[in-house]
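# Results of the structural survey
Okay, here's what each chain looks like letter by letter:
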Amino acid sequence: MREAAEAQQQAAVTVTAPAFVPACPGAGKTYVITSRHLQSPRRLLRKGRALISFTRVARDQMARRCRQAGRADLVQAPHFIGTLDSFLWEFLVKPLRKADPMPRLLESWASVKALVEGVDREISLHRFPMTLAPSHNSAHGKVAWDKLDYDTRQLIDASSCSRSVWEEKILATRKSWCEQGYFTGHEVRAVALWNLRNAEAAAALLPPLQSRFAEIIVDEAQDCSAADLAILQLLHDADLPLVLVGDPDQAIYAWRGAEPEALGAFAARLSPTPHRLTGNWRSSPVICRLAATLRTGQRPPDTSVVRDDNIPVLLLPTLFAATGSRHIHAPTGTGIVGAFRTLTEEYAVPAQDCLVTAYRYATLPGISREKPNTNAITSLAWARTVAHTPGASGDDLARACAIAVRALFGYWYPGQSGRPDRIMATHRLPADQVNRTAFAFLHSLPAPHKEWGPQVWQAMKAWPALPGAAPQGGKGRLAGKPILSRPQPATGIRTNIVHQLKGDEADGVLLLLPDTGSVQRWATANPATDEVLRVWYVAVTRARRLAAIALPQEETDALARLLAGHHIPLRIA
Ligand SMILES: Nc1ncnc2c1ncn2[C@@H]1O[C@H](COP(=O)(O)OP(=O)(O)OP(=O)(O)O)[C@@H](O)[C@H]1O
């Protein structure tokens, strides 16, 4: 078993580009990609390899593995290890931008708190997802109205302005930020596509790429949007050797424009024979079987390569709270996370290496999500809570830190346009120093309460200021009272939504399925078209040894029958 899985990995490590490597969960995609990279000879190379991923976590993991293997050279030019956004930015957008204003790539408009103004209410620009149809030669794309989150939709529905007025303002706001040098992934894709299709721009951009890269590897290729695939097609047409690695069954970004089916068509054009990885190095045989019920094509379960646990799938009959996250485990009347913890202990699975997940933040016990469009003091209260939450996600910590920077800068540098990166450039403040200061400040604040504002103000005034600070009296004081979310009991178990768990793993995983009709969906929906099933698939495949599912009490038997029909060991507990 192990030999066969290793042989598959080795074939993927050595296959000549262009190539497509479809891989099952836990197939060791990162291992394959870094092993491929580690084969590079040690001497100074004229051409390098680009390793592209969708997340900074994946990027850091690949770079770390190269360093750990004693090959720090593989992280530097001519090689490139980074996200797709940064690759497109570095090689297909920035080279043709004017130096002034300095072009900057933002992770999201949230990081500069860009607002859509001039309508009857202000809404943050990052609340409006965009779509880009690669077949249109359009420079800006359209607002994806059907993908607004709940809060934003409420705000827009209550607005007296029509959607076309909003759309006009949204596009104008984006344009004005771009003119000031700011771009997000959406603009980067639009400009990259335009540049590659424009003969003159392409003639300037492609030769440096062709002479720098002998190969471009794209990890998690199932997350490519139609625009991403169109860009990759143009690179392929320019004879850049591509290797796509990904798991189409784990495509959970359709709402952001990912096109798993288009990936299949593109991959077939790239290379007629895929190099499939079907050995799962992460999960037990039971979990591989469970996962197979949630994917397309009736394919047999993947092979569990290194595990022989046979812990059954645990089904937890649950009374889900209609609002909030105090879900009760029906048989014991205790909280669902506590019940899960007791069960993991029974199977000698350490609770600290377990996680609880769900499709939506709202379902999860633990830290509540940052609410959009709240006042600054409420945002700061949220940030302070995050700073004091063990196991808070990296994204939440980064957001919390940005909120604290904004609050402190508003006081220290009043009247300086409020854009932290500009202020940092003006006063030559290194980002890590700013972030450390902001985080320490956040951490020092007392727990938020209704009369928190004056305490925050005292703390801001007392905190040692960074160079160039010139406070002006009460400017930058955060007005109002924080709106506090209900305190949640600490569970001691990691919780996160499935979308934040990509590439992650844990010994035990509890998936919360609060919606009635989930079993019906499991049994009858098609994972090729129903992304929810793919989200559940990602969730259960994070587990190494134990998978548990909490579902409405009245649906437990139906799921038990469904799984028993697939000969999957299970226990209703
Ligand atoms: N050849 C190998 N030998 C030993 N362990 C391996 C090997 N390949 C992968 N693994 C281990 O298997 C686990 C899964 O690998 P990895 O996280 O790279 O999978 P993946 O393909 O990215 O999975 P997913 O897409 O589900 O996130 C990791 O713990 C990894 O260390």
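Note that the structure is a prediction, hence the values are computed from the model and not measured. As a convention, each chain's residues are numbered from 1 in the sequence order in which they are written. Given that this is a predicted model, residues contribute local features only at a pLDDT of at least 70 and side-chain atom pairs are listed and counted only at 80 or more, while totals for whole chains, interfaces and linings are drawn from all residues. Remark: hydrogens and water are excluded; side-chain values derive from all non-hydrogen atoms of the structure.

## Observations regarding the pairing of strand β1 (residues 19-22)
The two faces of β1 match: Ala19 and Val21 on one face and Phe20 and Pro22 on the other face are all buried. For two strands to be treated as a pair, DSSP must find no fewer than two bridges joining them. Secondary structure elements are defined from DSSP: runs of H or I of at least 4 residues count as helices, runs of E of at least 2 residues count as strands, and each element is numbered from the N terminus. The pairing of β1 with strand β11 (residues 242-246) spans four bridges and is parallel. Counted as the bridge partner of Phe20 is Leu244 from β11. Burial classes follow relative accessibility: with a 1.4 Å probe on protein chains only, a residue under 20% of its type's maximum area counts as buried, one over 50% as exposed, and anything between as partly exposed.

## A closer look at the sheet that holds strand β2 (residues 48-53)
Strands sit in the order β1-β11-β10-β2-β3 across an open sheet of five strands; the sheet is parallel. The open sheet is flanked by β1 and β3 (80-83), the only strands paired with a single partner. Taking the axes of each pair of neighbouring strands and ignoring which way they run, one obtains an average angle of 15° across the sheet. Where β2 and β3 come together, four bridges link them in parallel fashion. Paired with Leu51 across the two strands is Ile81, which belongs to β3. Contact definition: two residues touch when any of their heavy atoms are within 4.5 Å. Only the stretch in contact is used when fitting a helix axis, every axis being a line fitted to C-alpha atoms; angles between N-to-C directions are given from 0 to 180 degrees. Relative to the sheet, helix α3 (residues 56-68) contacts β2 and β3, its axis offset from that of β3 by approximately 160°.

## Topic: the nonpolar core
In this structure, Phe87, Leu209, Phe213, Ile216, Leu232, Leu235 and Leu244 are the most contacted members of the largest nonpolar core, which totals 44 residues. The leading source of residues in this core is helix α4 (residues 84-93), at seven residues. When residues no more than four places from it in sequence are discounted, the contact partners of Phe213 are Lys47, Gly48, Arg49, Ala50, Pro78, His79, Phe80, Phe87, Phe91 and Leu240. Grouped together as the second largest cluster of nonpolar side chains are 35 residues, Leu513, Val538, Ala547 and Leu563 included. The definition of a nonpolar core used throughout is a set of buried Ala, Val, Leu, Ile, Met, Phe, Trp, Tyr and Cys residues joined through side-chain atoms within 4.5 Å.

## Here's the deal with the UniProt feature "binding site: ATP" (unreviewed entry) in the protein
The sites that UniProt annotates as "binding site: ATP" (unreviewed entry) are Ala23, Cys24, Pro25, Gly26, Ala27, Gly28, Lys29 and Thr30. From the set just named, the residues that line the second largest pocket comprise Ala23 and Cys24. Along the chain, Pro25 falls in the loop between β1 and α2 (29-38). For Pro25, a relative accessible area of 1% gives the class buried. Every residue in contact with Pro25, bar those within four places of it in the chain, is listed here: Asp247, Gln250, Asn280, Arg282, Asp302, Tyr537, Thr541 and Arg542. Its location among the elements puts Ala27 in the loop between β1 and α2. The contacts of Ala27, once residues within four sequence positions are left out, are Gln9, Leu277, Gly279 and Trp281. UniProt positions are given in the numbering used here, feature names are shortened, and annotations may be inferred rather than shown by experiment. Whether a set of points on the 1 Å grid over the protein atoms alone is a cavity depends on a 1.4 Å probe fitting there but being unable to get out, while an open set qualifies as a pocket with protein on both sides within 12 Å along at least five of seven lines; lining residues are those with an atom within 4 Å of a point.

## Structural notes on the packing of aromatic side chains
Here a ring pair, both rings aromatic, is described through the centre-centre distance and the interplanar angle of the planes. Side-chain rings of Phe, Tyr and Trp, where Trp is taken by its six-membered ring, are said to pair if the distance between their centres is within 6.5 Å; with planes under 30 degrees apart they count as stacked, over 60 as edge-to-face, and otherwise as tilted. Under the counting rule described, the total for this entry stands at 14 aromatic pairs. Taken together, a centroid distance of 5.3 Å and an interplanar angle of 75° make the contact between Trp177 and Tyr182 edge-to-face. The class of Trp177 is buried, set by a relative accessible area of 8%. Given the relative accessible area of 0%, Tyr182 is considered buried. Members of the aromatic cluster, connected to one another through ring pairs, are Phe80, Phe87, Phe91 and Phe213.

## With respect to the site of the ligand
By convention in these notes, a residue is near a molecule or strand provided one of its non-hydrogen atoms lies within 4 Å of it. Taken together, 14 residues form the shell around the ligand, and within it Gln9, Gly26, Lys29, Arg282 and Arg542 come nearest. Within the backbone of Gly28, one N or O atom sits 3.0 Å away from an oxygen atom of the ligand. The term polar contact refers here to a pair of N or O atoms within 3.5 Å; inside protein, the definition further demands a hydrogen-donor-capable atom paired with an acceptor-capable atom, and it admits residues adjacent in sequence only when both atoms are side-chain atoms. Take Glu505: an N or O atom from its side chain is 3.0 Å from an oxygen atom of the ligand.

## Focus: unusual backbone geometry
The residue after Ala17, namely Pro18, is reached through a cis peptide bond having omega 0°. For Pro18, the location among the structural elements is in the loop between α1 (2-14) and β1. The omega angle of the peptide bond from Asp100 to Pro101 is 0°, so this bond is cis rather than trans. Along the polypeptide, Pro101 turns up in the loop between α4 and β4 (104-105). Even without being glycine, Lys113 reaches a positive phi, approximately 50°. With respect to the helices, strands and loops of the structure, Lys113 is situated in the loop between β4 and β5 (115-116). On the accessibility criterion, Lys113 (38% relative accessible area) is partly exposed.

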